[in-house]
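Listed here are the chains, written in short residue letters.
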Amino acid sequence: MEESSGDDQSYIPQVGDDRKPNIGMRFESLEDAYSYYNQYARESGFSARISNSKRSKKTSEVVWKKFVCFKEGQTDEVRWSKEANSDKPRQNRARRDIRCGCKAKISVVKEQTDTGWMISTFVENHNHPLATPSKVHLLRSHRSVSVSKKALSQQFAEANIPTCQQMRIFEIEHGGPENIGCTERDLRNYQRSLREEHMGMDAETFVDFLQSEKDKYSTFFFDYETDSDNRFSRCFWADSVSRRANIVFGDVMVFDTTYNTNKYGLIFAPFVGVNHHSQTILFGCGFLSDERTESFVWLLGKFLEAMPSGAPKLIITDQDPAMTKAIAQVFPQTVHRYCLWHILNKFPDKLSPVIFRDHYQSIRSVIVHSTTSDEFEESWKGVMESAGLVQDDWLILMYDLRHRWVPAYFLNVFSAGISSSQRSESSHAFFKRYISNKNALMDFIVRFNKALRNQRHNELVADHIDMNERPKVMSNWPMETQMVKVYTKTKWLEFQKEVGQSHHYYVEQVSTGIEFWVYNVMNFQASFSSKPRMLTHDVQKNDVYCSCMKFQFDGIPCRHMLAFFRVNQVFHLPDKYILKRWTQGAKVGALFTPSEQNVIDDPERCLMSRHWNLSFRSSALIDAASMTEEGTKFLHEQFDNIDCKMKDLNICIPSRNANENRRFMDEAITIIDPCVIRTKGCGKRLKSSKEKATSKGRQCRGCGRRGVSHDKRNCPNLLEQEHIIKVTVDENATSDQKLSKVTGLNEENGGRDLYSLFIRPSSSKDAEEGSIVETKNRGNAKLLEFDIFARNMARKFEYLDWMVSVSHSRICSNSTFCDVPCLL
């Protein structure tokens, strides 16, 4: 770069004459002319820009075009000074000024006798410094998001790879950020333009996509509805894999809704279950715009219409009234169970902290460990009386609903080992690794399908392991050798654990009869107070029933049944105790249409695969050719030949521009995008009182406030207040009496005061503080009552032959408990 002398500095690019534009140089098209000047600008260190043009008055064709330096034009201040008298409002721009009136340019005119273009003007000098080669890649005209990068960026986005990590991948591929050809901002701008291009036609595209899947695969089910304004409101879909899975594993289902999966706030409602590997699987899913009973009835009706096996035998949901009504209406024969985990989590909020601390474990033990309904009801009554919760409104309501959530009422119903909706919660967490509340509906379905393929691939991996690997058995019992070939690996490990535990039990016959023989199954190390499991043997049907009901609930023989089989020399597990859904052949016999299975893309035809293969081969060639000057020259010549042949192939198919695409799509839109809705799951997650208590600042145990800079030792409220404590002392106690503790309660000031009196002999007869109020005789004991002005946390008072240590604890009205001595 040369600088000319003078007041106004001039910068001349240092470029070879064979690569400089010359007046009279001809080009086939305007695109060729701009491409040539832009390449010259890259070597020179500036950015080219397309400027104004002139058209023929007769034909309206462009006959003159100008390409300029990107710093050509006026600054904002100059423009504002010229528009000072104008009524237009001044627009302050956040970015800095770029233009400085540079005159560098070329002009091309269309030839009269030919269709080509010729350079008529060329100005070489610039009035600003030129960029160094290390910074040229940052100039605007030398940055662009290529077609392949656009496609790769979309594929990366579908895999939930953020833009910043996409750039890191491109850096590794191209050997550095300067070789990528675009910046992270360019990539984000492209993604923004995509969102703007599809704005307003998202629902239409979403419905068209699912409708095309339905037309393509006859076993794909899809239906949707719009509101009175023709706005998308709800839908349901299920593919062939989900519908086939429902035939085998649809006996138990978990249904729950989740939020923050799309930018409209539509409620995502998946139907999930468990397969023979104990993995979560999807039966179908839908979108709802509200959580009214009517919406749930419609969704459950579509599920019933789509599933060939009909309604499930058991469905687990949370305690939602609208969902409960809809299930009772659509699935009248289905056992409906509430999530136990959700209900147990409500106890800290519904009970006071003291009662929760002292009695929750007893309440939970009654709920979880009761084996019959009668046992639960009797134990529940006892624990409610001991905790003083007989009149608690919420517990009364939950007791009335006990047949929907207490395990004792469901032990005889097969539940596949599921007692809560955490299967659905884990499914929500899995899918939210791929989707977010910023996704449009089309973004959602693309990412959701990728997540679903990954979930189903995990099932294929488990099937592969069962086919090619065999777990080890722990004993020589023939039943183990039999079942290791039958069960899947996950269920085999559960069965093996029960087999190992069965060796710790002995069987004792209690009674015999014509039809039933009864046995007690006890653990060798059990105490005398332990409750034995009762095992009933139906002699005529040769059936065995255990009071723990594990086989009925989980579908796996329990340790008590296995102990009975071992004692009675049953070496092979009868078929009636082998549930097919837990076996390796669970899916054998299910409807399967090979033509309907998902089409797997050929890796050689995949854009990403082709791009990586070409990049790898070209990088290897470049590394080898760059070692010598001859190799570099040869590769340049080959690149020129390849470039010409690629142009002859005409790979780039002409397409509409963004405005034409938008206008074409607007004309075809019949379904309006949904409005952004507010649901009970919108905004921040609601925290329980326990979470709020632990997340706030330190609490003063004196005044009960949080986030203050004092504690009970220097609490202003405690230092200002005086409280009278009534103390009773037995004067006639013997001198060798051991330390005793007397407690009393005093209801006062909206709280409860707990007084602890520690009494021991003392030689001093002078009371430190206090006055005798009344002397009472009770038999041979003389009781003295006196008042104490308590200003400190623990004062020691002496009277007659006794020293009385008074410690005062406060159970405040805000239900917090302080077991460290303190005052009001």
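Up top is the structure these notes are about.
Visitor: So, the nonpolar core: which residues are in play, and what are the values?
Guide: By size, the foremost hydrophobic cluster in this structure holds 65 residues, and its most contacted members are F206, W237, F448, F495 and F565. The leading source of residues in this core is helix α16 (residues 441-468), at seven residues. Ranked by size, the runner-up nonpolar core spans 30 residues in total, among them Y259, F271, L300 and F331.

Visitor: Tell me what's going on with the packing of helix α18 (residues 489-502) against helix α20 (residues 559-567), and back it up with residues and numbers.
Guide: When two helices pack together, their arrangement is given by the angle between the helix axes and by the axis-to-axis distance. Their axes nearest at 8 Å, the elements α18 and α20 cross at an angle of 60°. Classified by the angle their axes make, α18 and α20 are oblique. Both α18 and α20 take part in a crossing whose hand is right-handed. Here F495, E498, V499, Q501 and S502 of α18 lie close against α20, whose contacting residues are R559, L562, A563 and R566. Taken together, the residues of the contact of α18 with α20 sort by class into four nonpolar, two polar and three charged.

Visitor: Would you mind going over the environment of R143 in detail, with residue names and values included?
Guide: Relative to the helices and strands, R143 resides in the loop between β7 (117-123) and α3 (147-158). Residues R143 and S47, 96 residues apart in the sequence, show an inter-C-alpha distance of 9.7 Å. Not counting the four nearest positions on each side in its chain, R143 is found in contact with H137, L138, G181, C182, T183 and D186.

Visitor: Tell me what's going on with the pattern of salt bridges, and back it up with residues and numbers.
Guide: Per the stated rule, a full pass over the model turns up 26 salt bridges. One salt bridge in this structure joins R357 and D358, with 3.0 Å as the shortest N-O distance. Taking relative accessible area as the criterion, D358 reaches 44% and is therefore assigned partly exposed. Across the pair K550 and D554 runs a salt bridge, and its minimum N-O distance is 2.8 Å. Within this pair, K550 and its partner D554 are both found in helix α19 (residues 550-554), separated by four residues, close to a single helical turn. Within the structure, one salt-bridge network assembled from shared partners comprises E225, R234, D290, R292 and E294.

Visitor: Before we move on, can you summarise the pairing of strand β15 (residues 505-511) with the specific residues and values?
Guide: Pairing analysis gives six bridges linking β15 to strand β16 (residues 516-523), with the strands arranged antiparallel. Directly across from V507, in β16, lies its bridge partner V521. Adjacent in sequence and paired antiparallel, β15 and β16 are bridged by four residues.

Visitor: So what about the pairing of strand β18 (residues 543-546)? Which residues, and what values?
Guide: As defined by bridge partners, strand β17 (residues 533-538) adjoins β18 across four bridges and the pair is classed as antiparallel. By the bridge assignment, L535 is partnered in β18 with C546. In this structure, the hairpin formed by β17 and β18 is closed by a connection of four residues, where N542 is found at a positive phi of approximately 55°.

Visitor: Explain unusual backbone geometry to me, and be specific about the residues and the numbers.
Guide: Not every positive phi belongs to a glycine, and S278 is a case in point at roughly 60°. Relative to the elements of secondary structure, S278 occurs in the loop between β11 (267-274) and β12 (280-288). Look at A416: it is not a glycine, yet its phi comes out positive at around 55°. Taking the relative accessible area as the measure of exposure, A416 reaches 7% and is therefore buried.

Visitor: How would you summarise the packing of aromatic side chains if you had to cite specific residues and measurements?
Guide: What characterises a pair of aromatic rings is the spacing of the ring centres plus the angle enclosed by the ring planes. Overall, the coordinates contain 41 aromatic pairs when judged by the stated rule. Ring geometry for F236 versus F303: centroids 6.4 Å apart, planes at 80°, classification edge-to-face. Separated by 67 residues along the polypeptide, F236 in strand β9 (residues 232-238) and F303 in helix α8 (residues 293-306) bring together distant segments of the chain. Grouping residues by exposure puts F236 and F303 together as buried. Through pairs of rings, three or more aromatic residues link up here, namely F206, F232, W237, F268, F287, F431, F444 and F448. The ring of W64 carries the charged tip of K54 above its face, separated from the ring centre by 5.1 Å. Here the guanidinium or amino end of R402 rests over the ring plane of Y399, the centre of that ring lying 4.2 Å away.

Visitor: I'd like a description of a nonpolar patch on the surface, backed by residues and values.
Guide: A cluster of nonpolar side chains, I622, F639, I642, M646 and L649, forms an exposed patch at the surface whose accessible area comes to about 470 Å². For M646, a relative accessible area of 41% gives the class partly exposed.

Visitor: Can you explain the sheet that holds β18? Please cite residues and give values.
Guide: Spatial strand order, β15-β16-β17-β18: four strands in an open sheet with antiparallel pairing. The strands lining the two open edges of the sheet, one partner per strand, are β15 and β18. Ignoring which end each strand starts from, the neighbouring axes of this sheet average 25° apart. α20 contacts β15, β16, β17 and β18 of the sheet and is inclined by roughly 80° relative to β15.

Reading guide: rules and limits
- Throughout, residues of each chain are indexed from 1 in the direction in which the sequence is written.
- For a predicted model such as this one, the threshold for reporting local features is a pLDDT of at least 70, and the threshold for listing and counting side-chain atom pairs is 80 or more; totals across whole chains, interfaces and linings nevertheless cover every residue.
- To get the side-chain values, all heavy atoms of the structure are used, and hydrogens and water are removed first.
- In plain words, nonpolar cores are sets of buried Ala, Val, Leu, Ile, Met, Phe, Trp, Tyr and Cys residues tied together by side-chain atoms within 4.5 Å.
- Throughout, exposure labels follow a simple rule: accessible area from a 1.4 Å probe, protein chains only, divided by the maximum for the residue type, with under 20% read as buried, over 50% as exposed, and the rest as partly exposed.
- Numbering of helices and strands runs from the N terminus, with a helix taken as a DSSP run of H or I at least four residues long and a strand as a DSSP run of E at least two residues long.
- All axes here are fitted lines through C-alpha atoms, helices being fitted over the stretch that makes contact, and every angle between N-to-C directions spans 0 to 180 degrees.
- In these notes the angle categories are as follows: under 35 degrees is roughly parallel, over 145 is roughly antiparallel, 65 to 115 is roughly perpendicular, and the rest is oblique.
- Rotating anticlockwise by less than a right angle from the far helix to the near helix defines a left-handed crossing, while the corresponding clockwise rotation defines a right-handed one.
- In what follows, residue pairs with any heavy atoms lying within 4.5 Å of each other are defined as contacts.
- The nonpolar class holds Ala, Val, Leu, Ile, Met, Phe, Trp, Tyr, Cys and Pro. Asp, Glu, Lys and Arg form the charged class, and all remaining residues, Gly among them, are polar.
- The salt bridge criterion pairs a side-chain nitrogen of Lys or Arg with a carboxyl oxygen of Asp or Glu, the two atoms within 4 Å.
- Between any two strands, pairing holds if DSSP finds at least two bridges.
- In this analysis, rings of Phe, Tyr and Trp, with Trp reduced to its six-membered ring, are considered paired at centre separations within 6.5 Å, and the interplanar angle assigns stacked below 30 degrees, edge-to-face beyond 60, and tilted for intermediate values.
- We call a charge positioned above a ring when the Lys NZ or Arg CZ atom is no farther than 6 Å from the ring centre and deviates by at most 35 degrees from the ring normal.
- Patches draw on residues past 30% relative accessible area with no salt bridge. Two like charges within 9 Å are joined, as are two nonpolar side chains (Val, Leu, Ile, Met, Phe, Trp, Tyr) within 5 Å.
- All accessible areas in this document rest on Shrake-Rupley with a 1.4 Å probe, and a residue is counted as covered only by the protein chains that are shown.

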